[in-house]
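Observations on chain architecture
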Protein chains: 4
Amino acid sequence: MGNTIGKNFRVTSFGESHGPGVGAVVDGVPAGLRLRLEDIQADLDRRKPGMSPYASPRKEPDQAEILSGLTGDGLTNGAPIAILVRNLAHRGTDYQDIAKKFRPGHADWTYFVKYGIPPQPGGGRSSGRETVARVAAGAVARALLAPLGVSVRAGTDAIGTVKASITDYAYSETDPLRFLDPQFSPLAQLEVEKAMERGDSVGGTVRLIATGVPAGLGDPVFGKLEALLGKAFFSIGAVRAVELGDGIRLSGLLGSAANDPIGPDGPLGNLHGGILGGISTGLAITARLFVRPTPSISISQRTVDLDLRAAEIETHGRHDPCIAPRLCPVAEAMALISLADCHLEGAHRL
Amino acid sequence: MGNTIGKNFRVTSFGESHGPGVGAVVDGVPAGLRLRLEDIQADLDRRKPGMSPYASPRKEPDQAEILSGLTGDGLTNGAPIAILVRNLAHRGTDYQDIAKKFRPGHADWTYFVKYGIPPQPGGGRSSGRETVARVAAGAVARALLAPLGVSVRAGTDAIGTVKASITDYAYSETDPLRFLDPQFSPLAQLEVEKAMERGDSVGGTVRLIATGVPAGLGDPVFGKLEALLGKAFFSIGAVRAVELGDGIRLSGLLGSAANDPIGPDGPLGNLHGGILGGISTGLAITARLFVRPTPSISISQRTVDLDLRAAEIETHGRHDPCIAPRLCPVAEAMALISLADCHLEGAHRL
Amino acid sequence: MGNTIGKNFRVTSFGESHGPGVGAVVDGVPAGLRLRLEDIQADLDRRKPGMSPYASPRKEPDQAEILSGLTGDGLTNGAPIAILVRNLAHRGTDYQDIAKKFRPGHADWTYFVKYGIPPQPGGGRSSGRETVARVAAGAVARALLAPLGVSVRAGTDAIGTVKASITDYAYSETDPLRFLDPQFSPLAQLEVEKAMERGDSVGGTVRLIATGVPAGLGDPVFGKLEALLGKAFFSIGAVRAVELGDGIRLSGLLGSAANDPIGPDGPLGNLHGGILGGISTGLAITARLFVRPTPSISISQRTVDLDLRAAEIETHGRHDPCIAPRLCPVAEAMALISLADCHLEGAHRL
Amino acid sequence: MGNTIGKNFRVTSFGESHGPGVGAVVDGVPAGLRLRLEDIQADLDRRKPGMSPYASPRKEPDQAEILSGLTGDGLTNGAPIAILVRNLAHRGTDYQDIAKKFRPGHADWTYFVKYGIPPQPGGGRSSGRETVARVAAGAVARALLAPLGVSVRAGTDAIGTVKASITDYAYSETDPLRFLDPQFSPLAQLEVEKAMERGDSVGGTVRLIATGVPAGLGDPVFGKLEALLGKAFFSIGAVRAVELGDGIRLSGLLGSAANDPIGPDGPLGNLHGGILGGISTGLAITARLFVRPTPSISISQRTVDLDLRAAEIETHGRHDPCIAPRLCPVAEAMALISLADCHLEGAHRL
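A word on the overall build of chain A
Check the secondary structure of chain A and you find eight helices and 16 strands. Oriented by its inertia axes, the alpha-carbon framework of chain A measures out at about 65 × 55 × 35 Å. A buried classification covers 68% of the 350 residues belonging to chain A. Roughly 10,500 Å² of accessible area belongs to chain A as shown, and the carbon and sulfur atoms make up 56% of that amount. On chain A, the mean spot of the 36 positive side-chain charges and the mean spot of the 37 negative ones are 3 Å from each other.

Structure below.
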């Protein structure tokens, strides 16, 4: 289980890395929304591998097909929108060794413990390829929310020890690492190149901003917008810490330095990071995602094989030396899905 | 909405700060579990205000009543367990000023925007008092999981700029701030005292450890244990960032330094923080919660009144100068609820 | 599990027959609704035992307490509304015999098989007393829907072999069996009296009508209004068949006799029973519930005791000779809960 | 919304009559189940149109493709199973007239009211074609439950005024109307032929039996097995009444005639219809579904066009003169889905 998220904008993800395809069913979209295949394709293309020297060279066309949910005129009809992306670039031989040994740092071991199945080619369901489903669903959310003025962007904030000093989301779209800072991008690239040379990988952080979010989204208690975003971001494979607003810094401050005064239109500052008491204030929501280094490295590591005998493993294949840049569109998708879910909640007051 | 959490161990929270009471309905507990009122009371007592010079002096007996779900012999009967804690220590006059002005940093403003209701005494539903429901439900989860060997403990890891250098959970139970480090606790206390003298508050961090968690808990994709814990922790009012394992540090490392080798019984180290691919490995799960300073301070702040006219507000009343210590039992409860939910999931394999 | 119903108007029921009390938590009610305790009490009083010579003589004051969800002004505040009704009229001795033997036709056996617990006093969770929670929650739904013009009424349509020839809902409120037909009520009463004399019970049917339901409630496929009502009605203990509109008669007709022509405001007749394709048309929704005779009879029956040895059982105690009349307010509640759930669904179209 | 059913065995249906295809995502199936495409295909073939002179002549190969959820060895892997069936036999011209007028008795009007979209070709989402998704998902449930000995069969019990006098499920598989009684099948066929000659349609009933169901499935209160089955059956388009066991007859009986005595292995008779108090007893579960006549008839009917002007409509096209026979595999699927959902519920007792 665990393949569906959301209450009002419900996304069900399916598909494995080396199966026929991956996809999503999006339920809850109101009728009458113009949804273009190219809107979905645009976000899928931003996620695609093979787009940069620093990303996996796996070539996938990642061509989406909308299977349902549209009228003949291209408007949503209120029914679930199923989107399918075929897997075409299997290269099973890359994984022959893997299929017989557990990869350290991967889901191979825990899937084996839980499901009793040996490591699947390309990681099967645990593969980053599953995020195609999220990005496709996120594109539907984006199409729903864009007319309200909602915009969600993410970029790479740090690679290894190199941190961006500014957050320029427009620039990051053109950067080979989606780095947010043109000045330090060359250093970040060097960090990745050094890792690549050694057959190693490196971690990073992703910074995200959602602007134009209407005030009033989110619920109290377990339905807090913080909780929904926290769940959404932590559901991304490599994410191991999440900060909303300037949450880490706030934990070291005095209250008098952490409260935004209130004016007739709401908070006058944004130390609160766009959410108060679980509910959006209308100001920008920001988040930082801390991304562990990709576990698949070609340096030899100790592990066991399927008979639980000690073994060495080197994971060759077409892996990303740093997954943070490719998580950017995924992080956007998860934020969009969460915001759409809140947006579609029914009336809160008579 | 948003007042229920969990799929298999479902907790529904109800109640406001100054209403008749707060409570929880816990559904999904298997029949045959011995559940003692004193088990619930013990955790409620650990959460209670008035227990330390550094906590709100509000005195609440917080006496729980189990309304349903037990046989005459004190065993669970498979039906929902409803637990009620009456509110006795209202002191409405503390809040007279508040009721007419929006408190900066509080949910007052966003609740007003969303629900159209003015600030409620004590914060109403957004009050920390709601966490009584969580701690009561968490105690049920603890009773369910303890026989499996699961133990969850949390302590204060930092207050303002003072950080614990060790994590001694046994010691922290006796510390007035639940500080994890006896050596630095006096400094942490000083930090709180300084804030109290100024009528100010101060932030902090909470560290949590879950041991004895069986391997195999959690699901892929959106049901990852990271996602469930992320949601659970971010649903706690003042939490603005969450780190699982050493997630922040990992984001700056190379993959070769971040993978735990695998032996015949699973991972040989715990850099992965007890969870791989959304599923527990059987090793300790750790988390750090970054807690903002309490917004209620008696220093004058700019705000608006109910007619949206500029005003000054000083929040007197019985507030906690640092909420982190009191979040410790709440964080434990949220972790226990999440783990119980995973534990009760049906068969994953034939 | 299974103690919560609804997606947008969520009702969680708790409590056993002979425990401290029964109650409901109702989540999803928008803020700003005036909710009076007497509204809830009025429906509880309509359900109460001891109100007629033909109902269980058990005397319960069934006094409701609203534990949460209201502002000081008696308006809903958007938070969950918890309602508690204490059990006062336990008479455990009635059930001493029962506690040692399984009652034929009761849930005793299946609860034992599923939960491993022996028969509980008064049936425990399976007792009709649990319907107090439903009626209380239904009263909240009624308060929410009444301003829209929605009215839901149920009456007894048949007792044993005596059928009502008309459906006079106003009259039925005053009838000792809630019989819908003043002319045949004496015969129906005779049917019950004959059963009572023998220590027997008798079945019946309940007829329900919902008027003023706005067009557009309900969803396609699994969320059809028929499906929601079907689930809601079949969740009532003694209901073993459910007919919507004239569904049974329709199954024997030709299509040309079963279609309502359409005019500019929608269907011109109501052979379709107020719902087409899962969605309400705005015309009256009607239903008939077929209610089995109460299994608790004082005639001797074959059963087994807790050691699974053959035994005879006579169920004395304060049982209803015909439960159909007392199900009427419960059926209303379940319809109201279902309609409120649909009504609170978010936007279906842009 | 409303396109997902189930808690533990979750089925999400998607697709419209004249779109690219229809399908289902089935989540919750444990790993290790051998699932063959031909198992799914076998049930789809039983549902297919064009198989009898009395069914729609629309020819659809209805070839299923499993898109996800299997290992390379054909075992389930614990991930969601997505199944797609392409639509090939569109014949849009049949529906040109329909697209401009509302069909009496159809969902056209209510979908227009709810979603603001005009009638879609073939009924769009409300088409019986959607049941392909259910039958495919039901086949997965069948594969899961068959090893436990669970068998679910449905046949046609009545057509118009012709009722089966026996229920021979083996025979019905070979009958052109899936009629349960070889003796009366010719009369039933005559009933359909008479309707066909007039361009009319006729109603009927479907009888279903589930054997080998383990005792203990289902939950109390809203999760009663009756409630799950009631919801499942009423979610089928043309079903307007549902009887479990001999529910209608029971409502006219005395309690002494309606209780099954209990022996050491449970109830000794099956007047209770396989379910007591919401929970299965292990005896056969039976149900009867009352099916309205197909609304699509070629006899002229009064309606309005898209401009709400009075119009006449004759629905030509490839419609079923009696839909009851084709609902049999759908009813089976819905029962199987419900039973699988209960079967996969986690532990009920320690």
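Observations concerning the packing of helix α6 (residues 225-234) of chain C against helix α8 (residues 324-343) of chain C
Residue and element names in this part refer to chain C. At a minimum axis separation of 9 Å, α6 and α8 run at an interaxial angle of 145°. When you trace α6 past α8, the crossing you get is right-handed. Where α6 abuts α8, its residues Leu225, Leu228, Leu229, Ala232 and Phe233 lie against Ala331, Met334, Ala335, Ser338, Leu339 and Cys342. Grouping the constituent residues of the contact of α6 with α8 by class yields ten nonpolar, one polar and no charged.

Remarks on the packing of helix α3 (residues 131-145) of chain C against α8 of chain C
All names here are of chain C. Between α3 and α8, the least distance of the axes is 8 Å, while the angle of their chain directions is 50°. Relative to α8, the element α3 lies oblique. You can see that α3 and α8 cross each other, and the crossing is left-handed. Counting all contacts with α3, which are made through Thr131, Arg134, Val135, Ala137, Gly138, Ala141, Arg142, Leu144 and Leu145, the residues of α8 involved are Pro329, Val330, Glu332, Ala333, Met334, Leu336, Ile337, Leu339, Ala340 and His343.

Focus on the interface of chain B and chain A
Chain B puts 102 residues into the contact, and the matching count from chain A is 102 residues. With both chains or domains summed, chain B and chain A bury close to 7,900 Å², and 62% of this area falls on carbon and sulfur atoms. Of all residues in chain B, Lys114, Phe222 and Arg240 of chain B bury the most surface against chain A, accounting for 12% of the area lost on that side. Linking chain B with chain A are four salt bridges, by the criterion used here. For Asp219 of chain A, the salt bridge identified is with Lys114 of chain B, shortest N-O distance 3.9 Å.

Topic: helix α8 (residues 324-343) of chain B
What sets the pattern is the α-helix's 3.6 residues per turn: residues three or four places apart point alike. In this model α8 of chain B runs 28 Å from its N-terminal to its C-terminal C-alpha over 20 residues, within 8% of the 28 Å that 1.5 Å per residue would give. Most of α8 of chain B sits out of view: 19 of its 20 residues are buried.

A closer look at the sheet that holds strand β14 (residues 285-291) of chain D
Spatially, the ten strands line up as an open sheet ordered β7(C)-β6(C)-β8(C)-β14(C)-β9(C)-β9(D)-β14(D)-β8(D)-β6(D)-β7(D), and their pairing is antiparallel. Where the open sheet ends on each side, the last strands, each with one partner, are β7 (162-163) of chain C together with β7 (162-163) of chain D. Judged from the eight bridges that link them, strand β6 (residues 151-159) of chain D and strand β8 (residues 204-211) of chain D form a sheet pairing that is antiparallel. Note that in β8 of chain D the partner of Arg153 of chain D across the bridge is Ile209 of chain D.

As for the relation of the copies chain A and chain C
Least-squares fitting of chain A to chain C yields an RMSD of 0.0 Å, with the superposition described by an axial translation of 0.0 Å and a rotation of 180°. One copy is carried onto the other by what is essentially a two-fold rotation axis. For chain A, the residue whose C-alpha comes nearest the rotation axis is Gly346 of chain A, separated from it by 1.8 Å. When the interface residues of chain A are mapped onto chain C, 100% of them again lie at the interface, so the same face is used by both copies.

Overview of the interface of chain A and chain C
A common measure of how large an interface is: the accessible area buried when the components associate. Counting from both sides, the interface comprises 13 residues of chain A and, opposite them, 14 residues of chain C. Together chain A and chain C conceal approximately 960 Å² of surface at their shared face, both sides included; 61% is due to carbon and sulfur atoms. Of all residues in chain A, Lys7, Pro30 and Leu350 of chain A give up the largest surface area on contact with chain C, accounting jointly for 44% of the area buried on that side. Each residue belonging to the side of chain A that touches chain C can be placed in one class, and the counts come to seven nonpolar, four polar and two charged.

A look at the nonpolar core
Counting 164 residues, the largest nonpolar core has Phe9 and Phe233 of chain C together with Phe9 and Phe233 of chain D as the members making the most contacts within it. Not counting the four nearest positions on each side in its chain, Phe233 of chain C is found in contact with Leu208, Val239, Val242, Leu244, Ala287, Leu289, Ala331, Met334 and Ala335 of chain C.

Describing the pairing of strand β3 (residues 21-27) of chain D
Residues and elements named next belong to chain D. Of all the seven residues making up β3, seven are buried; the element is thus mostly covered by neighbouring parts of the structure. Here β3 shows no split at all, with Gly21, Gly23, Val25 and Asp27 on one side and Val22, Ala24 and Val26 on the other all buried. Looking at chain direction, strand β2 (residues 10-15) and β3 are connected through six bridges and run antiparallel. Within β3, the position partnered with Gly15 by the bridge is Val22. Two successive antiparallel strands, β2 and β3, enclose a turn made up of five residues. Direction of pairing for β3 relative to strand β5 (residues 81-86): antiparallel, over a ladder of six bridges. From the neighbouring strand, Val25 faces β5, where its bridge partner is Ala82.

Concerning the sheet that holds strand β9 (residues 239-244) of chain A
The antiparallel open sheet is built from ten strands, whose spatial order is β7(A)-β6(A)-β8(A)-β14(A)-β9(A)-β9(B)-β14(B)-β8(B)-β6(B)-β7(B). Because the sheet does not close on itself, it has two edges, and the strands there are β7 (162-163) of chain A together with β7 (162-163) of chain B. Pairing between strand β6 (residues 151-159) of chain A and β7 of chain A: two bridges, direction antiparallel. Paired with Ile159 of chain A across the two strands is Val162 of chain A, which belongs to β7 of chain A. Strands β8 (204-211), β9 and β14 (285-291) of chain A together with β9 (239-244) of chain B of the sheet are contacted by helix α6 (residues 225-234) of chain A, whose axis makes an angle of about 155° with β9 of chain A.

Structural notes on the environment of Ile313 of chain C
In this structure, Ile313 of chain C sits in strand β16 (residues 310-313). With 27 residues separating them in the primary sequence, Ile313 of chain C and Thr286 of chain C have C-alpha atoms 39 Å apart.

Let's talk about the relation of the copies chain B and chain A
With an RMSD of 0.0 Å, the operation that places chain B on chain A is a rotation of 180° combined with a shift of 0.0 Å along the axis. A shared interface surface links the copies, since 100% of the contact residues of chain B are contact residues in chain A too.

The rules behind each value
Residues numbered from 1 in each chain as written. Chains lettered and ligands numbered in written order. Predicted model: local features only at pLDDT ≥ 70, side-chain atom pairs only at ≥ 80, totals over all residues. Heavy atoms only, no water. Helix = DSSP H or I, 4+ residues; strand = E, 2+ residues; numbered from the N terminus. Buried < 20%, exposed > 50% of the residue type's maximum accessible area, 1.4 Å probe, protein only. Areas by Shrake-Rupley, 256 points an atom, 1.4 Å probe, with all protein chains shown as cover. Lys, Arg positive; Asp, Glu negative; His and termini not counted. Charge placed at Lys NZ, Arg CZ, Asp CG, Glu CD. Axes fitted to C-alpha atoms, helices over the stretch in contact; angles between N-to-C directions. Left-handed = near helix turned anticlockwise from the far one by under 90°. Contact = heavy atoms within 4.5 Å. Nonpolar A, V, L, I, M, F, W, Y, C, P; charged D, E, K, R; others polar. Parallel < 35°, antiparallel > 145°, perpendicular 65-115°, else oblique. Buried area = accessible area lost by both parts, 1.4 Å probe. Salt bridge = Lys/Arg side-chain N within 4 Å of Asp/Glu carboxyl O. Expected span 1.5 Å × (residues − 1). Pairing = 2+ DSSP bridges. Least-squares fit on C-alpha atoms with pLDDT ≥ 70 in both. Core = buried A, V, L, I, M, F, W, Y, C linked by side-chain atoms within 4.5 Å.

Such coordinate-based values are descriptive only and should not be taken to indicate function.
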